[in-house]
Amino acid sequence: MKNNINRITLFAVALSAIVCIAVRAEAQLRPMGIPLTTTMVITKPAPGTIYGDKQVVTMGVSGKTYKFLLNDAYVDDPRGIVHWPDIWELVRQYNPNFNVTGQGEDTFAKMQPGETLTVRGMFAANNQTFEVMGTQPGGGTFAPAQHY
C-alpha cells in the first residue's frame, strides 16, 4: 500500500513538472506570425555626424548597407500585440537591421543628407525583410495619435 502511494505521488509530481515546463516554453516562443504593416520615419545623417543617444537603423539594399536616424516607428498590428519595441528587439542584433525589397528600395540610395522620409512597408520577422509599399517625403500622414 505504501509503495503504491509513493508511486502515485512521484507520478503526480513528474506530471505537474512536465505541464509547467510546457506552458512556460509556449509563452516564451510565441511567433510574430504574418508580415505586419510597419511605418518608419527616417533621416539620412550628414557625413561625420555623431549619433549620441539617437536610435540608428540600418537598411540593406542590394548588398549595400545604408544608415539612418530613426525619428519615429510604429506597427499597424490589428491584434494590438506587436509594437515597435518588439520588432526592434528582434532586429537590433543584425547588420543590416532590415533587408529591403519592394517597389521603393532604390529610394534609400537616392536620399540626401538631412532629408527625412516616411517609409511604409511590410515587415516579416522570419528573415528581417522589410518590403517597401510606399514612401513619402517628410514626417508623413501615417503618424498615429499615439507613439510607441
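Structure: see above.
Residues numbered from 1 in each chain as written. Predicted model: local features only at pLDDT ≥ 70, side-chain atom pairs only at ≥ 80, totals over all residues. Heavy atoms only, no water.

Caption draft 1: The arrangement of the pattern of salt bridges in detail. Using the criterion set out here, one finds four salt bridges in the structure. Residues Asp77 and Arg79 are paired through a salt bridge, measuring 3.4 Å at the closest nitrogen-oxygen approach. Owing to a relative accessible area of 10%, Asp77 belongs among the buried residues under this scheme. Judged by relative accessible area, which is 49%, Arg79 ranks as partly exposed. The closest approach of N and O atoms between Lys110 and Asp106, which form a salt bridge, is 3.2 Å. (Salt bridge = Lys/Arg side-chain N within 4 Å of Asp/Glu carboxyl O. Buried < 20%, exposed > 50% of the residue type's maximum accessible area, 1.4 Å probe, protein only.)

Caption draft 2: The arrangement of the packing of aromatic side chains in detail. All chains considered together, the criterion is met by five aromatic pairs. Ring centres of Trp84 and Trp88 lie 6.3 Å apart, and the angle between their planes is 25°; on these two criteria the pair is classed as stacked. Taken as a pair, Trp84 and Trp88 lie in helix H2 (residues 84-91) at a separation of four residues, close to a single helical turn. Residue classification places Trp84 among the buried positions, given a relative accessible area of 5%. On the accessibility criterion, Trp88 (14% relative accessible area) is buried. Between Phe98 and Phe130, the aromatic rings sit 5.9 Å apart at their centres with planes inclined by 65°, giving edge-to-face as the arrangement. With a gap of 32 residues between them, Phe98 in strand E4 (residues 98-102) and Phe130 in strand E6 (residues 129-137) connect regions that are remote in the sequence. Take Phe98 and Phe130: they sit in the same class, and that class is buried. Taken together, the ring pairs in this structure connect Trp84, Trp88, Phe98, Phe123 and Phe130 into an aromatic cluster. (Phe/Tyr/Trp six-rings, centres within 6.5 Å; stacked < 30°, edge-to-face > 60°. Helix = DSSP H or I, 4+ residues; strand = E, 2+ residues; numbered from the N terminus.)

Caption draft 3: Region of the structure containing H2. Within H2, burial applies to Trp84, Ile87, Trp88 and Val91. In an axial view of H2, the angular spread of the buried residues amounts to 100°, which keeps them on one side of the axis. Turning to H2, the residues buried within the fold contact strand E1 (36-43), strand E2 (56-61), strand E3 (64-76), E4 and strand E5 (116-124). (Arc of directions from axis to C-beta. Contact = heavy atoms within 4.5 Å.)

Caption draft 4: Local environment of the sheet that holds E4. With mixed pairing, the six strands of this closed barrel are ordered in space as E1-E3-E2-E4-E6-E5. In this sheet, adjacent strand axes meet at a mean angle of 50° when their direction is disregarded. Relative to E6, E4 is paired through four bridges, and the arrangement is parallel. Paired with Asn99 across the two strands is Thr129, which belongs to E6. Sheet strands in contact with H2 are E1, E2, E3, E4 and E5, and its direction is about 150° off that of E3. (Pairing = 2+ DSSP bridges. Axes fitted to C-alpha atoms, helices over the stretch in contact; angles between N-to-C directions.)

Remember that the coordinates give geometry; whether it matters functionally is a separate question.
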